[in-house]
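These are the residues of each chain, in order.
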Amino acid sequence: MKRISSLTALVTLTLASPLFAAGGDTEWSYSGPQGPQHWGSLSPEFATCGSGKNQSPVDLAGMIEGDQPTPQFHYAESGETLVNNGHTLKITYPEGNALTLDGRRYALKQVHFHTPSEYTIDGQTYPMEGHLVHADAQGNLAVVGVLFEEGQPNEVLAALGKELPAQGEQRDLTGESLSPTAWLPTQREHYRLNGSLTTPPCTEGVRWLVMKAPVSASSSQIDAVREAIGHANNRPLQPVNARLIVE
Ligand SMILES: [Zn+2]
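Sequence order sets the numbering: in each chain, residues are counted from 1 along the sequence as written. Where totals are concerned, whole chains, interfaces and linings use all residues; where local detail is concerned, this predicted model gives features only for residues with pLDDT of at least 70, and gives and counts side-chain atom pairs only at 80 or more. Hydrogens and water molecules were not included; the side-chain quantities draw on all heavy atoms of the structure.

Q: Please explain the state of the cysteines as it appears in this structure.
A: Here, the term disulfide refers to a pair of cysteine sulfur atoms separated by no more than 2.5 Å. One pass over the full model with this rule turns up one disulfide. Disulfide partner of Cys 49: Cys 202, at an S-S distance of 2.1 Å. Looking along the S-S bond of the Cys 49-Cys 202 disulfide, the torsion reads about 95°, which is the right-handed sense. Separated by 153 residues along the polypeptide, Cys 49 in helix H2 (residues 47–51) and Cys 202 in the loop between strand E12 (190–196) and strand E13 (204–211) bring together distant segments of the chain. Helix and strand definitions follow DSSP, with helices as H or I runs of at least four residues and strands as E runs of at least two, each counted in order from the N terminus.

Q: For this particular structure, what's the right way to read the packing of aromatic side chains?
A: Remark: the centre distance and the inter-plane angle together describe each pair of aromatic rings, the angle taken between the planes. When the centres of two rings from Phe, Tyr and Trp lie within 6.5 Å, Trp using its six-membered ring, the rings pair. Their planes under 30 degrees apart give stacked, over 60 give edge-to-face, and anything left gives tilted. This model, assessed by the stated rule, comprises eight aromatic pairs. With a centroid separation of 5.3 Å and 75° between ring planes, the pair formed by Trp 28 and Trp 39 is classed as edge-to-face. Linking Trp 28 in the loop between strand E1 (10–12) and helix H1 (39–42) with Trp 39 in helix H1, this pair joins segments that are eleven residues apart in sequence. The same class applies to Trp 28 as to Trp 39, namely buried. Consider the rings of Tyr 30 and Trp 39, whose centres lie 5.8 Å apart with planes at 75°: the pair is edge-to-face. For every residue, the accessible area obtained with a 1.4 Å probe (protein chains only) is divided by the maximum for its type, and the residue is called buried under 20%, exposed over 50%, and partly exposed between those limits. Given a relative accessible area of 14%, Tyr 30 falls into the buried group. We classify Trp 39 as buried; its relative accessible area is 0%.

Q: What is the right way to look at the environment of Thr 48 in this model?
A: With respect to the secondary-structure elements, Thr 48 resides in helix H2. Looking at Thr 48, the relative accessible area reads 28%, which means it is partly exposed. Each C-alpha atom of the pair Thr 48 and Pro 200 lies 8.5 Å from the other, and the pair is 152 residues apart in sequence. In contact with Thr 48, other than residues within four places in its own chain, are Gln 55, Pro 201, Cys 202 and Glu 204. In what follows, residue pairs with any heavy atoms lying within 4.5 Å of each other are defined as contacts.

Now the structure itself:
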C-alpha cells in the first residue's frame, strides 16, 4: 500500500470563505428547518428541489434492459485539492480526466462523498457513495455514482491519510499520485437514469450512471469520512415518476 507523507499542508479557511457560499448565498443543511424537506422553499433558485419531477436520488428498482454502449474512462491526472466544505468531502481534479459517453466527452471536475449512500439498489442502502462529477463543453453534467461496501481498505482513501480536513479546511494534493481510476470498480456494468443534482439547487438534466458493483473501503475509513463531514449527508429518496431506469 502506498503511503503519502507530504499531504500535510493544511490551509485553514474561515466560515466566510466562498466555499461555504457554493451554490448561492442561501444556507442549507441535511436536517432541521434548512433540511431537505424545505430546500425547495429556501430560495427561488432552489425551487426545483421541491417541484422537479426528475430528482435524485432514487431507489434503483424495476430496471429495464437496454443496449448500452460501455462508458470509456480516460483517467490519468491526480487530484488537486481535498476540501471539507461542511456539506461533503470533495476532491477537485485538473483538466485531463474524461469520460466518453455515447460519443460525447465529459471532463471530470470533482469527486465527493455521501455517508450513507444516496442511491439504493432494491431498497438496500450502502454505507458510503462517491459521486464522480463530469461536465461536457456545454456544461451538461454526467455523474457516476460508486457505492462503497465495508471490506478491504480503499487504496485512495488510504493514500489520503488518517487525518482528513476538518470542516472549513482544505489540503493541497498537487504532486500526489492519486489517479481517479482507483475510485471505479473493475466491472463497468451500471444503471442509467435521468436525474438531478442531489444538493441545492437540485438542477435537472443530469445523466446518472450508478455502477452495479460496489468498491470496498474499511469500516474505519468510512467512519473517518463520516466523522470529517460531521453528519449524515444523504438526501432522502425521491419519486421516480415517469422515468425509466435502464440496465
Ligand atoms: Zn453527490
